[in-house]
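Listed below are the residues making up each chain.
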There are 2 protein chains.
Amino acid sequence: MKDLAPYIERIEKKLNELELPTKPVKLYDPLRYFLQIGGKRIRPALVILGQKLFSPSASEAYPQALSIELFHNFTLIHDDIMDNAPLRRGQQTVHEKWNSNIGILSGDALLIKAYQKLAEGAGERLESLMEVFNSTALQVCEGQQMDMDFEERIDVTISEYIEMIRLKTSVLLGGALEIGAIMADASDAHRRAIRQFGENIGIAFQIKDDILDLYADPDKFGKQVGGDVIANKKTMLFLSALSVAGGPQLEVLKQLLEETNIELKLKRTKELFDHLNVRDMCHERMDDHYKRALNALDTIDVADQNKTALRSLAQYLIERDL
Amino acid sequence: MKDLAPYIERIEKKLNELELPTKPVKLYDPLRYFLQIGGKRIRPALVILGQKLFSPSASEAYPQALSIELFHNFTLIHDDIMDNAPLRRGQQTVHEKWNSNIGILSGDALLIKAYQKLAEGAGERLESLMEVFNSTALQVCEGQQMDMDFEERIDVTISEYIEMIRLKTSVLLGGALEIGAIMADASDAHRRAIRQFGENIGIAFQIKDDILDLYADPDKFGKQVGGDVIANKKTMLFLSALSVAGGPQLEVLKQLLEETNIELKLKRTKELFDHLNVRDMCHERMDDHYKRALNALDTIDVADQNKTALRSLAQYLIERDL
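Residues numbered from 1 in each chain as written. Chains lettered and ligands numbered in written order. Predicted model: local features only at pLDDT ≥ 70, side-chain atom pairs only at ≥ 80, totals over all residues. Heavy atoms only, no water.

## A look at the overall build of chain A
In step 1: A count of helical and extended segments in chain A gives 15 helices and two strands.
In step 2: Taken over C-alpha atoms, the radius of gyration comes to 20 Å for chain A, in line with the 20 Å a tight globule of 322 residues would show.
In step 3: Oriented by its inertia axes, the alpha-carbon framework of chain A measures out at about 60 × 50 × 35 Å.
In step 4: Residue burial in chain A is summarised as follows: out of 322 residues, 56% are buried.
In step 5: Long-range pairs, those at least 24 residues apart, make up 73% of the contacts in chain A with a sequence separation of at least 6.
In step 6: Total accessible area computed for chain A in this model is approximately 13700 Å², and 46% of it derives from carbon and sulfur atoms. (Helix = DSSP H or I, 4+ residues; strand = E, 2+ residues; numbered from the N terminus. Rg over C-alpha atoms; globule rule 2.2 N^0.38 Å. Buried < 20%, exposed > 50% of the residue type's maximum accessible area, 1.4 Å probe, protein only. Contact = heavy atoms within 4.5 Å. Areas by Shrake-Rupley, 256 points an atom, 1.4 Å probe, with all protein chains shown as cover.)

Structure below.
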């Protein structure tokens, strides 16, 4: 991860320097606020890593990196409204601090700013950048809609779930890398391969997220352990349990969704998951996507040292404790 | 207006043919629905007129025209949520027919589709198109925020109001024309002039809208006469009255905002507006912007016959009864 640190520092600086008008105050203040409550800035860093993979000496494509980060924040502002979430990274969400209308409109403005940054210094690459950005952005919307659809269903299959997280989370990692690759004038085959790497890392990353929810070390984990269980979220853990549970276990699983005693609900759910070996099932899937990602990276014929940063980032994302 | 009819027909056809995926159903069905409940399609027609002004024989830039119409519909879907409006063109709004979350997300997807269309066949013009589209789109957001801010204020000045409608409504007409001009490879000076024409026509159009709300012929007007008065909207009529009302009249004006008897409220407001000559004040402002528009058009050195369609459209927009 230390390979990334200088890029992330620079991205943070560029974000702080982002020019936003002062008026109307209620349009732009929420954006200034939200962009400064933090975030890991992994996605914009992927733009730079995607570029450096193919063109190590090129000057970094920070406008395009920022574009991806602005887009990501736009989705967070709107998702938080849809999910009725009061907090993000421990801070008030935009619609909570102001109101929903301001969340909608400032989110819209942020998406437009993302397009402005995408075009900055793009030159002849703009057409390719727009193709990738637009199809990625639409897929992210599709993933969010699938996620909302799933809330009303109990019969979600694992492959439907993987497709949902691919769209909602992973295509943006793939898209960020591909946008970096475009800025390095990479070939179509190289662009496809790096996108594959990103999408599979993204899926592995999300499965890891699902596992950590219940199996994280509470001392290291930044948020409430079992939050997904409490919220009855259909995570990879839950759906894996659903896929192997026999008749009586299925009944227990469904009853646990109704359980109002939180402590009991967490304890029993964990017991059932442990009994069904759900954690191992999820780890296997995660490893499968991790391997696919590394295989995709292997097909790219550039000097192996160019791949080091991406390999260590991938490893970090699936080995992290939080 | 008959000059426009063939273009509008074609735009309608292209909108019907717009390729939208089927799934997720709740993401794309609302868009199909909303795009087909109609609209005058003036804005996309302006793209074509802006193009034909400078390049009469060029094949029409329908993708860019559609882009503007998609963008406009995106703003309507989101504005309807913010305004809590149940109806649009006599039909249910998206958030009313589905829900707010679906309105937010399908609106987002529509904005992205607008960018996709903008890039279609743009070639080397894409960079200029993006510049105009992005700055226009941001200004529209700023105008919407100002409009919302004004709801909470009584002391809005006429010049603030004009700036608000310029941003919320007019820049999109100017932007549509300029995008057409870009597709015709017009010079920078020509682009500026046609944008000036569009912005001023847009302001005149909106003032006309405000006047019609109270002074339309009820038999010809498609909606409730006095709707803005009932909703206590700070229109050009109201703000003009506010700007000239003396002490006692000011009191009456403020009292009328509280009046709950609708019939009485409409009658008394109209009496006060008539007494203060508010309608003439608004007509003068409208004519002023109409003339500025025509002056801007006059500065453009192309064959006069190329300007006929724009002149008659401008005339129609300020002389219309509905």
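## Regarding the environment of Glu178(B)
Residue and element names in this part refer to chain B.
In step 1: Looking at where Glu178 falls in the secondary structure, it is placed in helix 8 (residues 158-183).
In step 2: Residue class for Glu178 comes out buried when judged on its relative accessible area of 2%.
In step 3: Residues contacting Glu178, with those up to four places away along its chain left out, are Val132, Arg191, Ile194 and Arg195.
In step 4: Here Arg195 takes part through its side chain, which lies 2.7 Å from a polar atom of the side chain of Glu178. (Polar contact = N/O pair within 3.5 Å; in protein donor to acceptor, adjacent residues only side chain to side chain.)

## Thoughts on the packing of aromatic side chains
In step 1: All chains considered together, the criterion is met by nine aromatic pairs over all chains.
In step 2: Geometrically, the ring pair formed by Phe71(A) and Phe74(A) is tilted, given 5.5 Å between the ring centres and 50 degrees between the ring planes. Separated by three residues within a single helix, Phe71(A) and Phe74(A) lie in helix 4 (residues 62-83), roughly one turn from each other. The exposure classification of Phe71(A) matches that of Phe74(A), with both residues buried.
In step 3: Among the aromatic residues, ring-to-ring pairing joins Phe71(A), Phe74(A), Tyr115(A), Phe133(A), Phe71(B), Phe74(B), Tyr115(B) and Phe133(B) into one connected group.
In step 4: Between Lys97(A) and the ring centre of Tyr33(A), over which it is positioned, the NZ or CZ distance is 4.8 Å. (Phe/Tyr/Trp six-rings, centres within 6.5 Å; stacked < 30°, edge-to-face > 60°. Lys NZ or Arg CZ within 6 Å of the ring centre and 35° of its normal.)

## Thoughts on the packing of helix 11 (residues 236-244) of chain B against helix 14 (residues 278-298) of chain B
Residues and elements named next belong to chain B.
In step 1: Packing of helix 11 against helix 14 brings their axes to within 9 Å, and their N-to-C directions diverge by 115 degrees. By the angle between their axes, helix 11 is roughly perpendicular relative to helix 14. Of the two elements, helix 11 crosses helix 14, and the hand of that crossing is right-handed. Residues Met236, Leu237, Ser240, Ala241, Ser243 and Val244 of helix 11 form the contact with helix 14, whose own contacting residues are Val278, Arg279, Met281, Cys282 and Arg285.
In step 2: By residue class, the composition of the contact of helix 11 with helix 14 is seven nonpolar, two polar and two charged. (Axes fitted to C-alpha atoms, helices over the stretch in contact; angles between N-to-C directions. Parallel < 35°, antiparallel > 145°, perpendicular 65-115°, else oblique. Left-handed = near helix turned anticlockwise from the far one by under 90°. Nonpolar A, V, L, I, M, F, W, Y, C, P; charged D, E, K, R; others polar.)

## As for the interface of chain A and chain B
In step 1: Between chain A and chain B, the contact holds 38 residues from the first and 38 residues from the second.
In step 2: In total, chain A and chain B occlude about 3400 Å² of area from one another, counting both sides; carbon and sulfur atoms represent 71% of this.
In step 3: Looking only at chain A, the three residues that lose the most surface to chain B are Leu105(A), Ile112(A) and Leu138(A), adding up to 18% of its buried area.
In step 4: The tally of links from chain A across to chain B stands at two salt bridges.
In step 5: The shortest N-O distance in the salt bridge between Glu152(B) and Lys26(A) comes to 3.3 Å.
In step 6: Taken together, the residues of the side of chain A that touches chain B sort by class into 22 nonpolar, eight polar and eight charged. (Buried area = accessible area lost by both parts, 1.4 Å probe. Salt bridge = Lys/Arg side-chain N within 4 Å of Asp/Glu carboxyl O.)

## Brief notes about the relation of the copies chain A and chain B
In step 1: For the pair chain A and chain B, the superposition axis carries a translation of 0.0 Å, the fit reaches an RMSD of 0.0 Å, and the rotation angle comes to 180 degrees. In short, the pair behaves as if placed about a two-fold rotation axis.
In step 2: Looking at the interface residues of chain A, 100% of them are also at the interface in chain B, so both copies use one shared face. (Least-squares fit on C-alpha atoms with pLDDT ≥ 70 in both.)

## Brief notes about the pattern of salt bridges
In step 1: Within the structure shown, the criterion is met by 43 salt bridges over all chains.
In step 2: One salt bridge connects Glu69(B) with Arg41(B), and the closest N-O pair in it is separated by 2.7 Å. Of this pair, Glu69(B) sits in helix 4 (residues 62-83) while Arg41(B) sits in the loop between helix 2 (25-35) and helix 3 (42-54), and the two are 28 residues apart along the sequence.
In step 3: Owing to a relative accessible area of 2%, Arg41(B) belongs among the buried residues under this scheme.
In step 4: Here Arg195(B) and Glu178(B) are joined by a salt bridge, their closest N and O atoms 2.7 Å apart. Of this pair, Arg195(B) sits in helix 9 (residues 188-215) while Glu178(B) sits in helix 8, and the two are 17 residues apart along the sequence.
In step 5: What you see here is one network of salt bridges that share partners, running through Glu178(A), Asp188(A), Arg191(A) and Arg195(A).

## So, unusual backbone geometry
In step 1: For the peptide bond that leads from Lys23(A) to Pro24(A), omega is -5 degrees, which places it in the cis range.
In step 2: Turning to its location among the elements, Pro24(A) is positioned in the loop between helix 1 (5-17) and helix 2 (25-35).
In step 3: For Arg41(B), which is not a glycine, the phi torsion comes out positive at approximately 60 degrees.
In step 4: Backbone geometry at Asn232(B) places phi at a positive 55 degrees, although glycine is not the residue there.
In step 5: Within the secondary structure layout, Asn232(B) lies in the loop between helix 10 (227-230) and helix 11.
In step 6: Accessibility expressed as a relative area gives 29% for Asn232(B), which makes it partly exposed.

## Focus: helix 14 (residues 278-298) of chain A
Residues and elements named next belong to chain A.
In step 1: Between its first and last C-alpha, helix 14 extends 30 Å over 21 residues, near the 30 Å set by a 1.5 Å rise per residue.
In step 2: Among the residues of helix 14, Val278, Cys282, Met286, His289, Tyr290, Ala293, Ala296 and Leu297 are the ones counted as buried. Down the axis of helix 14, the smallest arc covering the buried residues is 115 degrees, so these residues share one side. Counted as exposed and oriented over 90 degrees from the buried face of helix 14: Glu284 and Lys291.
In step 3: Summarising the contacts, the buried residues of helix 14 are in contact with helix 3 (42-54), helix 8 (158-183), helix 9 (188-215), helix 11 (236-244), helix 13 (262-275) and helix 15 (308-319). (Expected span 1.5 Å × (residues − 1). Arc of directions from axis to C-beta.)

## Side note on helix 9 of chain A
In step 1: Helix length check: helix 9 of chain A (28 residues) gives 40 Å between terminal C-alpha atoms against 40 Å at 1.5 Å per residue, within 8%.
In step 2: Burial analysis of helix 9 of chain A places 22 of its 28 residues in the buried class, the great majority of the element.

## Describing the nonpolar core
In step 1: If you look at the biggest cluster of nonpolar residues, it comprises 232 residues, and the most contacted ones within it are Ile194(A), Phe197(A), Ile194(B) and Phe197(B).
In step 2: With sequence-adjacent residues up to four places away left out, Ile194(A) is seen in contact with Leu53(A), Phe54(A), Leu177(A), Glu178(A), Ala181(A), Leu297(A), Ile300(A) and Leu310(A). (Core = buried A, V, L, I, M, F, W, Y, C linked by side-chain atoms within 4.5 Å.)

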